[in-house]
Structures are given as C-alpha cells and as structure tokens.
Amino acid sequence: MSKGRTRFTAGLAALPWIGPVLLLIAAIVVFPAGYMIWTSTRDLSQYGQDRGPAGLANYRALFDIPELGSILWHTIVWVLAVVLITLLLSAALAQFLNKDFPGRTAVRLAVLVPWAASVVMTTTIFYYLLDPDVGLANRFLVDIGLLDRGYGFTKQPTQAFVVAIGVAVFVSIPFTTYTILAGLQSIPAEMDEAGRVDGANSWQRYRYLTLPQLRPAIAVATIINIINVFNSLPILQVLTGSIAGFDADTTTTLTFKLIQQNRQVDTAAAMSVLNFVLIITIIAIYVKVIRPADRVDS
C-alpha cells in the first residue's frame, strides 16, 4: 500500500474523532470569515438591506478615505507599543513571581485582578481618574504642584492615545505574565544550576539558557496579544471615542465609526476584511521570523 493511501486511510479513521472539531471550526471561524468577505462585495443600505452585488466598490470607497493612511500608522504604533511593552513588563514580573518569597500566592492572585475585571469598567475608571475637572489623578498632580490646573489627558488625540496604550498594557499583563511564568516553571532547575557552576552571571544565564527555552511561551503570548490588541475596541472607544476626527483611531475604531456613525455597513465589512488580512500577515511574518516551533537545544 502506498504512503499516500496509508495517510488517506488514517485520515478517514480519525474523522469520527476530529469531525466535531472541524464542524465547530467551520461554524465559528470559516463561516463568519466567509460571510464577512461576501458582505464586503455587496451593496448594502444604511439599514443593512442587500441591494445586490457591488464588486470592489466598497474597497474603493474604503481606500478613498483620506485619513486611512494615518489610521493604518496609528494601528501599527498601537499594536507594537502595547505588545512590546507588555512582553517586557510581563517577562520581568514572571521572573519575579517565579522566585520563592513570603506571600507569593497572594501576589500572584493580585496580578490576575486587571484580567478578571471588565475591560470597559477598568478603562472607565482610568477615564474618570484623569478627568481634568473631577479626576483624582489630576487633583493629586495639582495638589503636589506638578500641574497648575487639571490637564485634559483624555481630551486631546495624542495624549488620549498614549493613555489608551497604558491601559491596554495594564489589562494585557496578567495573561502574558502567567503564560511566561508557565514557561519558566517548565524549565528544569538543573539547567540554571549548570550555568551557575560554569560561571555564568544572572544575565548570561537568562539570555543564553532561560530565554531560548521561553521562546514557545513568548510566541503564544505574542500572537494572542497581537490578535487581542488589534481588535481592541472598548479601550479606545471609551478613551478616544468622544474626540472628533480620526487623529486617535485605529482600523478597529474606524470600522465601528463606519457602522455606528456613517451607517456604511458594506464599507465597514471591507475594512474588516482588510483588518483580517493585516492580522494574518503580521502573525505569519512573526512566526516565520521567530520560528517558535523549532526545537530548542538543551
């Protein structure tokens, strides 16, 4: 029996076991993605009525938006800033939580709080803390003399965008920290001890022994963070949604505005397809460059 036929037979034998999973993937991934692409080629009224095929007209309308270039740049800055800062802080925090110290369990549980809380609630708290008139953070900065009066951190596009990056990092740290911590705890203690015996200092042991072993965990955290941050609407909508224009928008908030404000459902569908392509492209490049699945030498 040929090798190809053997694989085909093995695939048929496994079908009863993997069939339900394939159906689930088709129902929650393939069908919505396909429907989104189909919608982007339709002429839809403001109320969602299908008036027939539109070809590529929705994509032309999307690329005719003058601010699209700056919005794409905002999106790149948003994703890179949040993901990189989150990874750096989480790696340091995971390294700390991996040590044995009194109260470690309580600290580990405390790290979960931003993840367990509602993102909208957390962002709203930051929004009112930074309010120029009634915000406690603004009041504190005025009381200690750093500000003469309350400053509108969330009233200007650039400042609000920076605050949104900070909030996104805050809510992303718990998951990333625990993912890296799980990777740290899977590394045999003998490896670090061997490096110590060989005379390597702390940084050398982390750089050449620990970090390569963490590559799969970091890759998982990075990919999930890219997807979450790319599609993050609540944080930006709460902090920058009231700002006029597109100076603090990403592709996700643009999609929301096209639907909510302009009633351009078909153009929003085209934006969603572009967003999907961007995410897939970034993740593919990341996986190609990092190669997290490669075996790590002991």
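For every chain, the first residue of its written sequence is number 1, and the numbers climb from 1 along that sequence. Restriction of local features to residues with pLDDT of at least 70 applies here, the model being predicted, together with a cutoff of 80 or more for giving and counting side-chain atom pairs; totals for whole chains, interfaces and linings are based on all residues. Note: side-chain values were computed over all heavy atoms of the structure, leaving out hydrogens and water.

Draft legend 1. Region of the structure containing helix H13 (residues 251-260). Most of H13 is tucked away: 7 of the 10 residues are buried. By the burial criterion, the buried members of H13 are Thr251, Thr252, Thr253, Leu254, Thr255, Lys257 and Leu258. For H13, the secondary structure elements touched by its buried residues are helix H3 (68-97), helix H11 (215-230), helix H12 (234-240) and helix H14 (265-290). In this scheme, a residue with accessible area under 20% of its type's maximum is buried, one over 50% is exposed, and one in between is partly exposed, where area comes from a 1.4 Å probe on protein chains only. Here a strand is any run of E in DSSP of at least two residues, a helix any run of H or I of at least four, and the numbering for each starts at the N terminus. By the convention used here, residues are in contact when the closest approach between their heavy atoms is within 4.5 Å.

Draft legend 2. Fine view of the packing of aromatic side chains. Note on aromatic pairs: the rings of Phe, Tyr and Trp (six-membered ring only in Trp) are paired at centre separations within 6.5 Å, and the planes decide the class, stacked below 30 degrees, edge-to-face beyond 60, tilted for the rest. Evaluated as defined, the whole model comprises 8 aromatic pairs. Relative to Tyr35, the ring of Phe31 has its centre 6.0 Å away and its plane inclined at 25°; by these criteria the two rings are stacked. With a gap of 4 residues between them, Phe31 and Tyr35 both fall in helix H1 (residues 3-39), about one helical turn apart. Between Trp78 and Phe161, the ring centres sit 5.9 Å apart and the planes meet at 50°, which makes this aromatic pair tilted. Here Phe161 lies in helix H8 (residues 157-185) and Trp78 lies in helix H3, a separation of 83 residues in the sequence. The pair Trp78 / Phe161 is uniform in exposure class, with both members buried.

Draft legend 3. Expanded view of the pattern of salt bridges. For this analysis, a salt bridge means a side-chain nitrogen from Lys or Arg found within 4 Å of a carboxyl oxygen belonging to Asp or Glu. A full pass over the atoms with the stated rule returns 3 salt bridges. A salt bridge links Arg139 to Asp143; the nearest nitrogen and oxygen atoms lie 3.5 Å apart. Taken together, the residues span about one helical turn, with Arg139 and Asp143 both in helix H7 (residues 136-143) at a distance of 4 residues. Here Asp249 makes a salt bridge to Lys257, at a shortest N to O gap of 2.7 Å. Look at Lys257 and you get buried, because its relative accessible area is 7%.

Draft legend 4. Representation of the confidence of the model for the protein. Confidence of the predictor at the level of single residues is captured by pLDDT, which takes values from 0 to 100. Counting all residues, the mean pLDDT for the protein is 84, and 93% of those residues have values of 70 or more. Mean pLDDT values for the elements of the protein range from 74 in H1 up to 93 in H3.

Draft legend 5. View of the pairing of strand S2 (residues 50-53). Pairing between strands is defined by DSSP: at least two bridges between them are needed. Where strand S1 (residues 42-44) lies against S2, 2 bridges are found, and the strand directions are antiparallel. Its bridge partner being in S2, Leu44 is matched across the sheet by Asp50.

Draft legend 6. Seen up close, the side chain of Ser90. Within the secondary structure, Ser90 sits in helix H3. Two N or O atoms count as a polar contact when they lie within 3.5 Å, although within protein this holds only if one can serve as hydrogen donor and the other as acceptor, and sequence-adjacent residues are included solely when both atoms are side-chain atoms. Separated by 2.7 Å, the side chain of Ser90 and the backbone oxygen of Thr86 make a polar contact.

Draft legend 7. A look at the packing of helix H4 (residues 104-111) against H8. For the pair H4 and H8, the least separation of the axes is 9 Å and the interaxial angle reads 140°. Considering their axes alone, H4 and H8 lie oblique with respect to each other. Residues Arg108, Leu109 and Val111 of H4 form the contact with H8, whose participating residues are Pro174, Tyr178, Leu181 and Gln185. Any residue outside Ala, Val, Leu, Ile, Met, Phe, Trp, Tyr, Cys, Pro, Asp, Glu, Lys and Arg is labelled polar, Gly included; the first ten of those are nonpolar and the last four are charged. Class assignment for the residues of the contact of H4 with H8 results in 5 nonpolar, 1 polar and 1 charged. Angles shown run from 0 to 180 degrees and are taken between the N-to-C directions of axes, each axis being a line fitted to C-alpha atoms and, for helices, limited to the stretch in contact. In what follows, roughly perpendicular refers to angles from 65 to 115 degrees, roughly parallel to angles under 35, roughly antiparallel to angles over 145, and oblique to any angle outside these ranges.

Draft legend 8. Fine view of the packing of H3 against H4. Contact pair H3 / H4: the axes reach a minimum separation of 11 Å and the direction vectors enclose 155°. Taken as axis vectors, H3 and H4 run roughly antiparallel relative to one another. Residues Leu93, Phe96 and Leu97 of H3 pack against Arg104, Val107, Arg108 and Val111 of H4. Taken together, the residues of the contact of H3 with H4 sort by class into 5 nonpolar, no polar and 2 charged.

Draft legend 9. Looking closely at the environment of Ser232. Along the polypeptide, Ser232 turns up in the loop between H11 and H12. C-alpha of Ser232 to C-alpha of Val77: the two residues are 155 residues apart in sequence and 14 Å apart in space. With near-sequence residues (within four places) excluded, Ser232 lies in contact with Trp78 and Thr252.

Draft legend 10. Quick peek at the layout of surface pockets. Taken as a whole, the largest pocket encloses approximately 620 Å³ of empty space. Lining residues are defined by having an atom within 4 Å of a point belonging to a cavity or pocket. Those points lie on a 1 Å grid over the protein atoms alone, cavities being sets where a 1.4 Å probe fits but cannot get out and pockets being open sets with protein on both sides within 12 Å along at least five of seven lines. Around the largest pocket, the lining comprises 22 residues; the ones closest to its centre are Leu84, Leu87, Ile218, Thr222 and Tyr286. In terms of residues, the lining of the largest pocket owes the most to one element, H3, which gives 8 residues. Residues that form the lining of the largest pocket fall into these classes: 19 nonpolar, 1 polar and 2 charged. Grid points are joined across faces, edges and corners, and a volume is the space filled by probe spheres set on the points. Of the voids in this model, the second largest pocket is the one considered here, and its volume is about 420 Å³. In the lining of the second largest pocket, the residues fall into 7 nonpolar, 4 polar and 5 charged.

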